[in-house]
Amino acid sequence: TGEPRNADVVAITDCVTLCMTRDDFHRVLGDLQTMIKLTTKRRKIASVPIIASSELFPHEITALAQSLKDVVFTKGSFLNIEGQTIRNQGIYFIMSGMVRIIDNKGIITTLEKGDHFGGQVLCLRRQKNFRTVEFVEDTHCEV
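Overview of the structure. (Residues numbered from 1 in each chain as written. Predicted model: local features only at pLDDT ≥ 70, side-chain atom pairs only at ≥ 80, totals over all residues. Heavy atoms only, no water.)

### Some remarks on the nonpolar core
With 11 residues, the main nonpolar core is built from Phe 73, Leu 79, Tyr 92, Ile 94, Val 99, Ile 101, Leu 111, Phe 117, Val 133, Phe 135 and Cys 141. Sorting the residues of this core by element identifies β3 (92–96), β4 (98–103) and β7 (132–135) as the ones contributing at least two each. With residues up to four places along the chain from it excluded, the contact list for Phe 135 reads Phe 73, Thr 74, Lys 75, Gly 76, Ser 77, Phe 78, Leu 79, Met 98, Val 99 and Phe 117. (Core = buried A, V, L, I, M, F, W, Y, C linked by side-chain atoms within 4.5 Å. Buried < 20%, exposed > 50% of the residue type's maximum accessible area, 1.4 Å probe, protein only. Helix = DSSP H or I, 4+ residues; strand = E, 2+ residues; numbered from the N terminus. Contact = heavy atoms within 4.5 Å.)

### Remarks on a nonpolar patch on the surface
On the surface, Met 20, Val 28, Leu 29, Leu 32, Met 35 and Ile 36 cluster together to form a nonpolar patch covering roughly 510 Å² of accessible area. Contributions of two or more residues to the nonpolar patch are made by α1 (22–29) and α2 (32–47). It is α2 that contributes the most residues to the nonpolar patch, 3 residues altogether. Looking at the element boundaries, Met 20 is found in the segment before α1. (Patch = residues over 30% accessible without salt bridge, like charges linked within 9 Å, V, L, I, M, F, W, Y side chains within 5 Å. Areas by Shrake-Rupley, 256 points an atom, 1.4 Å probe, with all protein chains shown as cover. Salt bridge = Lys/Arg side-chain N within 4 Å of Asp/Glu carboxyl O.)

### Description of the pattern of salt bridges
All told, the structure shown has 4 salt bridges when counted by the stated rule. Across the pair Glu 142 and Lys 41 runs a salt bridge whose closest N-O atoms are separated by 3.8 Å. Of this pair, Glu 142 sits in strand β8 (residues 139–142) while Lys 41 is found in helix α2, placing the two residues 101 residues apart along the sequence. In this structure, Glu 134 engages Arg 100 in a salt bridge whose closest nitrogen and oxygen atoms are separated by 3.4 Å. Here Glu 134 is found in strand β7, whereas its partner Arg 100 is found in strand β4, with 34 residues between them in sequence. What makes Arg 100 partly exposed here is its relative accessible area of 24%.

### Section: the side chain of Ser 77
Its place among the elements puts Ser 77 in the loop between β1 (70–73) and β2 (78–80). Within polar-contact distance, the side chain of Ser 77 engages the backbone oxygen of Thr 74 at 2.6 Å. When neighbours within four sequence positions are excluded, Ser 77 is seen to be in contact with Val 133, Glu 134 and Phe 135. (Polar contact = N/O pair within 3.5 Å; in protein donor to acceptor, adjacent residues only side chain to side chain.)

### Topic: the sheet that holds strand β5 (residues 106–112)
Ordered by their spatial adjacency, 4 strands build an open sheet running β2-β7-β4-β5, and the pairing between neighbours is antiparallel. Both outer strands of the open sheet, β2 and β5, are each paired with one neighbouring strand and no more. Pairs of neighbouring strands in the sheet enclose a mean axial angle of 25 degrees, with direction left out of account. (Pairing = 2+ DSSP bridges. Axes fitted to C-alpha atoms, helices over the stretch in contact; angles between N-to-C directions.)

### Details of the packing of α2 against helix α4 (residues 58–67)
Helix-helix packing is characterised by the crossing angle of the two axes and by the distance between the axes. Between α2 and α4, the shortest axis-to-axis distance is 9 Å and the interhelical angle comes to 110 degrees. As summarised for this structure, α2 and α4 are arranged roughly perpendicular, according to the angle between their axes. For the pair α2 and α4, the sense of crossing is right-handed. Contact residues: Leu 38, Lys 41, Arg 42, Ile 45 and Ala 46 in α2; Ile 61, Thr 62, Leu 64, Ala 65 and Gln 66 in α4. Residues that form the contact of α2 with α4 fall into these classes: 6 nonpolar, 2 polar and 2 charged. (Parallel < 35°, antiparallel > 145°, perpendicular 65-115°, else oblique. Left-handed = near helix turned anticlockwise from the far one by under 90°. Nonpolar A, V, L, I, M, F, W, Y, C, P; charged D, E, K, R; others polar.)

What follows is the structure in structure tokens.
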């Protein structure tokens, strides 16, 4: 923001501190917000069971995180419908909104911000959807 800042720091034990200017920070590490977003995406991806149990290297998880795209779905729309050909494979991370997962017996679960879905489809060799994905609200996902 360019505004002067003051802070008092008191060491509780002996320590070594490093100081870096804002310009040096940007030059060496890049934009802090971008770094935080990428770290958050990496954690989300690593938390998906199929990925957590895989032998992916950290740089591969980073590559997946960098490839996520924003997608917005409108209330009342469907991503997949049970029994129809699978056409939208991917892992969907819900950033806002609400999603309902349904099968022929009824509602399985309702998902919200912070949840994900779609990971099972990546490891199954099915041609047809076995669940319906309905957007209960306008929903923002990263795919």
